[in-house]
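Here are the chains, one letter per residue:
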Amino acid sequence: MNNEIKILAKILKEYFDKENIPFLKTEIIEPLPGRGNLIVTVEGTDPNGKIYGFASHLDVVPAEPSLWKHHPFSGDITQEAHDRFIWGRGAFDMKNVGVSFSIALLTLLREGFRPKNTIRLIFEADEEKGGHDGMKKLVDEYWEKVKVDCLMTEGGGFEVPLKGLIAIQIGEKGVAQTIIKAKGVSGHGSAPDSYEKFAMFKLVEFLNKLKKTKSNIEFLMSMNV
């Protein structure tokens, strides 16, 4: 998606502006046509305090609707076999993070909280294609509007090639383990039964089907394993 300003940046800005909080300021920066970046700043009480940043990108990887069970931009809430999901391209990468940042901040502000240090939410365009039209533009041309002392966003766990900076990652993809049990006949090697009856053959057959299946999770559930 390459038209963040039309869809998300304006919607989010209106959402924050409705709070009518004097020390909460919003600004859309559009360095290139359609590439909208939203900066939300909550000014702290200490004018010499730090600026803590929380970043979330607005763009998503392109999606072909015909390949999806539900339209990739529907936002449908679906009940799957093991849980409920918000269905949509970018729901996980990374609208969930941006929404979490927004709800947490607005909840605190509605309860009367005002931070000592300044908090800045940065909703940037163009992350999926390298960030050249998003964060790079902001840093190169609008540094005073996006500078922070500490930034939290997705990714991390690797050293940034700049003195004194390192990305910290506390979690990534988890592990889901499945136990597969196969039952078959036993027999002596001198007089074996038909090989289709052996557990090992059944496992091989199962794994071959799993290898060819597009959705491994759905296949496992259909096999009751």
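Residues numbered from 1 in each chain as written. Predicted model: local features only at pLDDT ≥ 70, side-chain atom pairs only at ≥ 80, totals over all residues. Heavy atoms only, no water.

## Points about the packing of aromatic side chains
Aromatic ring pairs: the centre-centre distance and the angle between the two ring planes describe each pair. Considering all chains together, one arrives at five aromatic pairs under this definition. Ring centres of Phe 54 and Phe 101 lie 5.2 Å apart, and the angle between their planes is 65°; this geometry places the pair in the edge-to-face category. One end of the pair, Phe 54, is in strand S3 (residues 51–57); the other, Phe 101, is in helix H2 (residues 91–110), and 47 residues separate them in sequence. Since its relative accessible area comes to 23%, Phe 54 is described here as partly exposed. The class for Phe 101 is buried, based on a relative accessible area of 15%. Plain terms: the ring middles of Trp 68 and Trp 87 are 6.3 Å apart, the flat faces sit at 80° to each other, and that makes the pair edge-to-face. Taken together, the residues span a long stretch of sequence, with Trp 68 in the loop between S3 and strand S4 (76–79) and Trp 87 in strand S5 (residues 84–87) at a distance of 19 residues. Looking at Trp 68, the relative accessible area reads 23%, which means it is partly exposed. Among the residues examined, Trp 87 registers a relative accessible area of 17% and is labelled buried. Site record: aromatic cluster; members linked through ring pairs are Tyr 15, Phe 16 and Phe 123. Just above the ring of Phe 23 sits the side chain of Arg 114; from NZ or CZ to the centre is 4.3 Å. (Phe/Tyr/Trp six-rings, centres within 6.5 Å; stacked < 30°, edge-to-face > 60°. Helix = DSSP H or I, 4+ residues; strand = E, 2+ residues; numbered from the N terminus. Buried < 20%, exposed > 50% of the residue type's maximum accessible area, 1.4 Å probe, protein only. Lys NZ or Arg CZ within 6 Å of the ring centre and 35° of its normal.)

## Things to note about the nonpolar core
In terms of nonpolar packing, the biggest core is built from 18 residues, with Phe 16, Leu 24, Val 40, Val 42, Leu 109, Leu 121 and Phe 123 touching the most fellow members. Mapped onto this core, the elements with two or more residues apiece are helix H1 (4–17), strand S2 (35–42), H2 and strand S6 (118–124). Leu 121 has contacts with Phe 16, Leu 38, Ile 39, Val 40, Phe 54, Phe 101, Ser 102 and Leu 105, leaving out every residue within four places of it along the chain. If you look at the next biggest cluster of nonpolar residues, it comprises six residues, including Ile 39, Ala 55, Leu 138 and Val 146. (Core = buried A, V, L, I, M, F, W, Y, C linked by side-chain atoms within 4.5 Å. Contact = heavy atoms within 4.5 Å.)

## So, the confidence of the model for the protein
Of the residues in the protein, 83% have a pLDDT of 70 or more, and the chain-wide mean is 86. The secondary structure element of the protein with the lowest average pLDDT is helix H6 (residues 216–222), at 56, and the one with the highest is S6, at 97. (pLDDT = per-residue confidence, 0-100.)

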